[in-house]
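Below, each chain spelled out in residue letters.
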Amino acid sequence: MKILDIRTLRGPNYWSGYWKKLIIMRLDIEAYEDKPTNKIEGFYERLKEVLPSLNTHGCSYQEEGGFFRRVESGTWAGHVIEHFALEMQTLAGMDVGYGRTRETGERGIYNVVFSYIEEEVGRYAARGATRLFLDLAEGKPLDEIKKTLADEIQEMREIREDVRFGPSTASIVEEAEKRGIPYIRLNDQALIQLGYGINQRRIQATTTDKTNMISVDIAGNKAATKKLLGEMGVPVPKGSQIRHEDELERVVESIGFPIVVKPLDANHGKGASINLNSIEEVREAFHKAKEYSSRVIVEKMLYGADFRALVIDNKLVAVAERTPAHVIGDGVSTIQQLIDKENENPLRGYGHEKVLTLITIDSQTRSLLEAKKYTLETVLKKDEIFYLKSTANLSTGGTAIDRTDETHPENVFLFERIAKIVGLDIAGIDVMAPNVSEPLTENGGGIIEINAAPGFRMHLAPSEGIGKNVAEHVVDMLFPAGKSSRIPIIAITGTNGKTTTTRLISHIIRGSGCVVGFTTTDGTYIQNNQIVTGDNTGPVSAQLVLKDPSVQVAVLETARGGIIRSGLGYDYSDIAVVTNISADHLGLKDINSLEDLARVKSVVPRSVSRRGFAVLNAEDDHVYDMRRLVDGKCVYFAMNEDNERIQRHARKGGLSCIYENGYITLLKGKWKVRVERVANIPSTYGGRAEFMIQNALAAALTCFVHGISIEDIRVGLTTFTAGTAQTPGRLNFIEVGNATVLIDYAHNPAGLTALQKFIQQLPFYQQTVVLNGTGDRRDEDLREMGRLCGKHFNNVIIRRGNYLRGRDEQQMYRILQEGIKEAGKDTQINIIPESMDAIRQAVKQAEPGELVVVLGDGVPNDLSIINKLRDEVNALNAIA
């Protein structure tokens, strides 16, 4: 059995209309294709013993025990591994439920598809599930299988804790998602973008882009905080800031015991020691604090409970009482036994998976044991409380009780005032007091410190009391009522015309006054500035645009490769455009037919919002059928105004864009609104380039439903040219010596046919084409490209090109030549592998007035070659 590939889908995809986060494992089950589970001796019995929890999987029976019934009656390895991967994640604390296993066109090879919560865990589960199947099938001892499984589930928990959002970040992201606010994780930590483009906001854990850095510095300097608050009449404990050990006795003598020692600028309780009652303890605590800061605070310890007040946007939203991890003696059990018993509490789990965290033994615990001259084997007296940590952090096993509703109004005022004094948008205020139900000024309480990035976990899920959705206040602050979090997203897909349509839409919208970010096969652009070069039609490039804080509208060319590889790079779009569906890239990634290709491309219109629009080609059956998948409104374009689909849509009052009487025309019900005469649209070459007219129809309709005025659409159409500046590699004419060179990215039979139809209308009787194949295309597609070139061109020069993709070079030449000869014409064929040599020869041999067509391979490189040849010819002419 062999894992051939593991892919991760992170957005809308062609496997599921609901589940966006999926693992796709391509698996060769080899000999197990002939051995379903009922033919593997003992497999069913061993499986039930190792993973009895699979009994909850209903599978196709949709009832408890259904999956076991499938295994008993016989099912294939891929299906079993799918269920293993789901159950292993569930046992590791990540409840996932979607899975599908599908055969491919190759014997024994399956696509095993299942959902995940954390990507790294999902990929680990794919490998672990495969290993588990083989262990069971090959008769490995059950004890070893169980141990390996337990170890892998624990490893998955640890991976999850390393990569997942912390509770605070997760709560903000979840609250944003509930409101339809998209998010992008900007690093592998907690830096998150909420929203898209110009409307984005950023958070890092519980600091935001509104958080004042001066205020963070103040809060990080405990001495400065204490001085500032004390001068403003806020109750704070007495104490001093020192650097050297010889200052300790003086400070201790002035304030008296008990003492608290903590680093000046550490957080989360690091290096802090409390309730110190001797100078020896203070010295030891001083050295511990010095590990975190060069300066140390020594202050009087306040008596009472430890409280945390959370203030967001100058409003108190929660107060929690915190207690360090501890055990209570029963007069019988050792401290270790009491810890073990407490860790059995179902509320406790690994990391942040449950309300409380498992208690562990660390250096802090050992220090507290030594201070009391205890060991882990010490038996505590009945009802004796022993604190295992010196700080009350939940991440070290502490507990929290919600006290929000008990907080005295004077304390509410005080806490909100403190946040304003320090200047923090999100402030965690640490309080030591007998209670918060009385004013601190009356019960002797005081403010210990201010935290600039306070944790939310204690408020979200206290061990006692009602949890508070504190994250909603953060999202309210970042996105007040009426503020949008999104920018319009226009996605363009199809087989041919995507890039030109994308560029034309971007040009029109940019002309209306918006900052546009767009992606194409040539690169990613912000306005007219190219940010990245190369094929940028996948989700990574889409997110680059969506992350740019200047972008007001995103226009995203979306190709099949990115959809198959990772899904879409956004959650949903406002407008989706599908130009056409024709044979291209067939035979790759299990996409073997036009129906398969259409299903992949349909992900784009299927992901339109309910308020959005799908702009569909009414003359393409595969595209038109996509209307059934669209939740938003469908509008159509067509070259023929008499198209029955267009007419039927018009009778229902629908909107379309048609080519009629030489005009680009909007059809609104029975009314026609003419936008512009095609003869005035430069990219159509006076209407001779029909495929360019189709692109203009799609672009005009898209911009109209986006809200662009007819006048701005008209200006955009008439100022968009098919030159190398605006549409590189798309119908570009360049004069080089005797030849007129036409470079175009016609890379499949449908595109080449449309190009040849255009060329036939041009006054060039002698025509040469520079042709190359793409190695991962089917033989029949390469042969058809050759046949079309042989049929329409006098001379064909074949070059190697940049995309052999594993195919033998000579084999590709042979197939292309076979196609050329099938045309049955006396076509001259030359093989010149290097692009520079091939294009140079085509130009050199050209007769006056000859057309040399270069079928663009690497468009920037081809344009560079052509421009260099033009400059050489011009230089020679100048000398002559």
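About the thresholds
Residues numbered from 1 in each chain as written. Predicted model: local features only at pLDDT ≥ 70, side-chain atom pairs only at ≥ 80, totals over all residues. Heavy atoms only, no water. Salt bridge = Lys/Arg side-chain N within 4 Å of Asp/Glu carboxyl O. Helix = DSSP H or I, 4+ residues; strand = E, 2+ residues; numbered from the N terminus. Buried < 20%, exposed > 50% of the residue type's maximum accessible area, 1.4 Å probe, protein only. Patch = residues over 30% accessible without salt bridge, like charges linked within 9 Å, V, L, I, M, F, W, Y side chains within 5 Å. Areas by Shrake-Rupley, 256 points an atom, 1.4 Å probe, with all protein chains shown as cover. Pairing = 2+ DSSP bridges. Axes fitted to C-alpha atoms, helices over the stretch in contact; angles between N-to-C directions. Polar contact = N/O pair within 3.5 Å; in protein donor to acceptor, adjacent residues only side chain to side chain. Contact = heavy atoms within 4.5 Å. Arc of directions from axis to C-beta. Parallel < 35°, antiparallel > 145°, perpendicular 65-115°, else oblique. Nonpolar A, V, L, I, M, F, W, Y, C, P; charged D, E, K, R; others polar. Core = buried A, V, L, I, M, F, W, Y, C linked by side-chain atoms within 4.5 Å. Lys, Arg positive; Asp, Glu negative; His and termini not counted. Charge placed at Lys NZ, Arg CZ, Asp CG, Glu CD. Expected span 1.5 Å × (residues − 1). Phe/Tyr/Trp six-rings, centres within 6.5 Å; stacked < 30°, edge-to-face > 60°. Lys NZ or Arg CZ within 6 Å of the ring centre and 35° of its normal.

Section: the pattern of salt bridges
(1) Moving on: Taken as a whole, this structure holds 59 salt bridges when the rule is applied.
(2) Moving on: Between Glu-809 and Arg-800 there is a salt bridge, with the nearest N and O atoms lying 3.3 Å from each other.
(3) Moving on: Ionic pairing is found between Arg-800 and Glu-834, a salt bridge with its closest N-O pair at 2.9 Å. Residue Arg-800 is located in the loop between β36 (795–798) and α28 (809–822), and its partner Glu-834 is located in the loop between β37 (828–831) and α29 (835–844); the two are separated by 34 residues in the primary sequence.
(4) Moving on: By relative accessible area, which is 40% here, Glu-834 ends up partly exposed.
(5) Moving on: When salt bridges that share partners are traced, they join Lys-222, Lys-226, Lys-262, Glu-299 and Glu-449 into one network.

Overview of a nonpolar patch on the surface
(1) Moving on: Taken together, the side chains of Ile-328, Ile-385 and Tyr-387 make up a nonpolar region of the molecular surface, amounting to roughly 280 Å² of accessible area.
(2) Moving on: On the secondary structure map, Ile-385 appears in strand β18 (residues 385–387).
(3) Moving on: Using a relative accessible area of 44% as the deciding quantity, one classes Ile-385 as partly exposed.

A word on the sheet that holds strand β20 (residues 426–433)
Backbone hydrogen bonds hold the strands of a sheet together, and the pairing may be parallel or antiparallel.
(1) Moving on: What the five strands build is an open sheet, ordered β19-β14-β13-β20-β21; its pairing is antiparallel. The outermost strands of the open sheet, each flanked by one partner alone, are β19 (399–402) and β21 (446–451). On average, each strand axis in the sheet is tilted by 30° relative to the strand beside it, whichever way the strands run.
(2) Moving on: Across four bridges, the pairing between strand β14 (residues 315–323) and β19 is antiparallel.

Side note on the environment of Asp-188
(1) Moving on: The residue Asp-188 is located in the loop between β5 (183–185) and β6 (191–194) in this model.
(2) Moving on: Separated by 24 residues in the primary sequence, Asp-188 and Arg-164 place their C-alpha atoms 8.9 Å from one another.
(3) Moving on: A polar atom in the side chain of Asp-188 sits 3.3 Å from the side chain of Gln-189.

Remarks on the sheet that holds β37
(1) Moving on: Pairing is mixed across the open sheet formed by six strands, whose spatial order is β33-β34-β38-β35-β36-β37. Of all strands in the sheet, those bounded by a partner on one side alone are β33 (732–736) and β37. Strand-to-strand twist in this sheet, taken as the mean axis angle between neighbours without regard to direction, amounts to 20°.
(2) Moving on: Pairing of β33 with strand β34 (residues 739–744) involves five bridges; the strand directions are antiparallel.

Notes on the side chain of Gln-200
(1) Moving on: With respect to the secondary-structure elements, Gln-200 resides in the loop between β6 and β7 (201–204).
(2) Moving on: Within polar-contact distance, the side chain of Gln-200 engages the backbone oxygen of Lys-547 at 2.9 Å.
(3) Moving on: When residues no more than four places from it in sequence are discounted, the contact partners of Gln-200 are Gln-193, Leu-194, Gly-195, Leu-546, Lys-547, Asp-548 and Pro-549.

What about the pairing of β20?
(1) Moving on: A large share of β20 lies buried, amounting to eight of its eight residues.
(2) Moving on: Covered by surrounding structure in β20 are Ile-426, Gly-428, Asp-430 and Met-432 together with Ala-427, Ile-429, Val-431 and Ala-433, the residues of both alternating faces.
(3) Moving on: Pairing analysis gives eight bridges linking strand β13 (residues 305–312) to β20, with the strands arranged antiparallel. What sits directly across from Ala-309, in β20, is Ile-429.

Looking at helix α23 (residues 644–651)
The α-helix advances 3.6 residues per turn, and as a result positions three or four apart in sequence lie on the same side.
(1) Moving on: Considered for burial, the residues of α23 that qualify are Ile-646, His-649 and Ala-650. The buried residues of α23 occupy one face: seen down the axis, they fall within an arc of 100°.
(2) Moving on: Looking at the buried positions of α23, the neighbouring elements they touch are β29 (633–638), β30 (655–660) and β31 (663–668).

Examining the packing of helix α26 (residues 749–759) against helix α27 (residues 779–792)
(1) Moving on: As a packed pair, α26 and α27 sit with axes 10 Å apart at the nearest point and diverge in direction by 10°. Relative to α27, the element α26 is oriented roughly parallel. From α26, Pro-749, Leu-752, Thr-753 and Gln-756 reach across to α27, where they touch Asp-781, Glu-784, Met-785, Leu-788, Cys-789 and His-792.
(2) Moving on: Class assignment of the residues belonging to the contact of α26 with α27 gives a composition of five nonpolar, three polar and two charged.

Quick word on the nonpolar core
Considering soluble globular proteins, one finds that nonpolar side chains tend to be buried as a cluster.
(1) Moving on: Leu-546 and Tyr-570 are the most contacted members of the largest nonpolar core, which has 48 residues in total.
(2) Moving on: Sequence-distant contacts of Tyr-570, defined by excluding residues within four places in its chain, comprise Pro-12, Tyr-196, Ile-489, Ala-491, Leu-546, Leu-556 and Val-604.
(3) Moving on: Tyr-32, Tyr-116, Met-156 and Val-163 belong to the second-largest nonpolar core, a separate cluster that totals 47 residues.

Digging into a negative patch on the surface
(1) Moving on: Taken together, the side chains of Glu-120, Glu-155, Glu-158, Asp-162 and Asp-188 present a region of like negative charge at the surface.
(2) Moving on: With three residues, helix α5 (residues 142–163) is the largest single contributor of residues to the negative patch.
(3) Moving on: Position of Glu-155 among the secondary structure elements: in helix α5.

A few points about the environment of Asp-265
(1) Moving on: By the element assignment, Asp-265 lies in the loop between β10 (259–263) and β11 (273–276).
(2) Moving on: In this structure, the C-alpha to C-alpha distance between Asp-265 and Gly-849, residues 584 residues apart in sequence, is 78 Å.
(3) Moving on: Discounting residues that sit within four places of it in the chain, Asp-265 has contacts with Gly-220, Lys-222, Tyr-292 and Ser-293.

Some thoughts on α28
(1) Moving on: For α28, spanning 14 residues, the distance from its first C-alpha to its last is 20 Å, which sits close to the expected 20 Å at 1.5 Å a residue.
(2) Moving on: On its buried face, α28 is in contact with β35 (767–771), α27, β36 and β37.
(3) Moving on: Taking the backbone nitrogen of Gln-810 as reference, a side-chain oxygen 3.2 Å away marks Asp-808 as the first, capping residue of α28.
(4) Moving on: Just downstream of α28 lies Gly-824, where phi reads positive at about 75°.

Some points on the packing of aromatic side chains
(1) Moving on: Evaluated as defined, the whole model comprises 14 aromatic pairs.
(2) Moving on: When the centroid spacing of 5.3 Å and the interplanar angle of 85° are considered together, the rings of Tyr-32 and Phe-133 count as edge-to-face. Of this pair, Tyr-32 sits in the loop between β2 (22–28) and α1 (43–50) while Phe-133 sits in helix α4 (residues 119–137), and the two are 101 residues apart along the sequence. Assigned by exposure class, Tyr-32 and Phe-133 land together as buried.
(3) Moving on: Their ring planes at 70° and their centres at 5.3 Å tell us that Tyr-685 and Phe-733 sit as a pair that is edge-to-face. Placement of Tyr-685 in the loop between β32 (671–677) and α24 (690–706) and of Phe-733 in strand β33 is noted, with a sequence separation of 48 residues between them.
(4) Moving on: For Phe-733, a relative accessible area of 29% corresponds to the partly exposed category.
(5) Moving on: In this structure an aromatic cluster arises from ring pairing among Tyr-685, Phe-691, Phe-733 and Phe-758.
(6) Moving on: The residue whose ring lies beneath Lys-48 is Phe-68, and the NZ or CZ to ring-centre distance is 5.5 Å.
(7) Moving on: For Arg-69, the ring lying beneath its charged end belongs to Tyr-61, and the centroid distance is 3.8 Å.

Overview of the pairing of β31
(1) Moving on: Where burial is concerned, most of β31 is hidden: five out of the six residues are buried.
(2) Moving on: In the sheet, β30 pairs with β31 via six bridges, with the strands oriented antiparallel. Residue pairing in the sheet places Leu-655 in a bridge with Lys-668 of β31.
(3) Moving on: Hairpin remark: β30 followed by β31, antiparallel, with two residues in the connecting loop; positive phi at Asn-661, about 50°.
(4) Moving on: Pairing analysis gives six bridges linking β31 to β32, with the strands arranged antiparallel. Looking at the pairing, Leu-667 lines up with Lys-672 of β32.
(5) Moving on: Counted along the chain from β31 to the antiparallel partner β32, the turn is two residues long, and its residue Gly-669 has a positive phi close to 65°.

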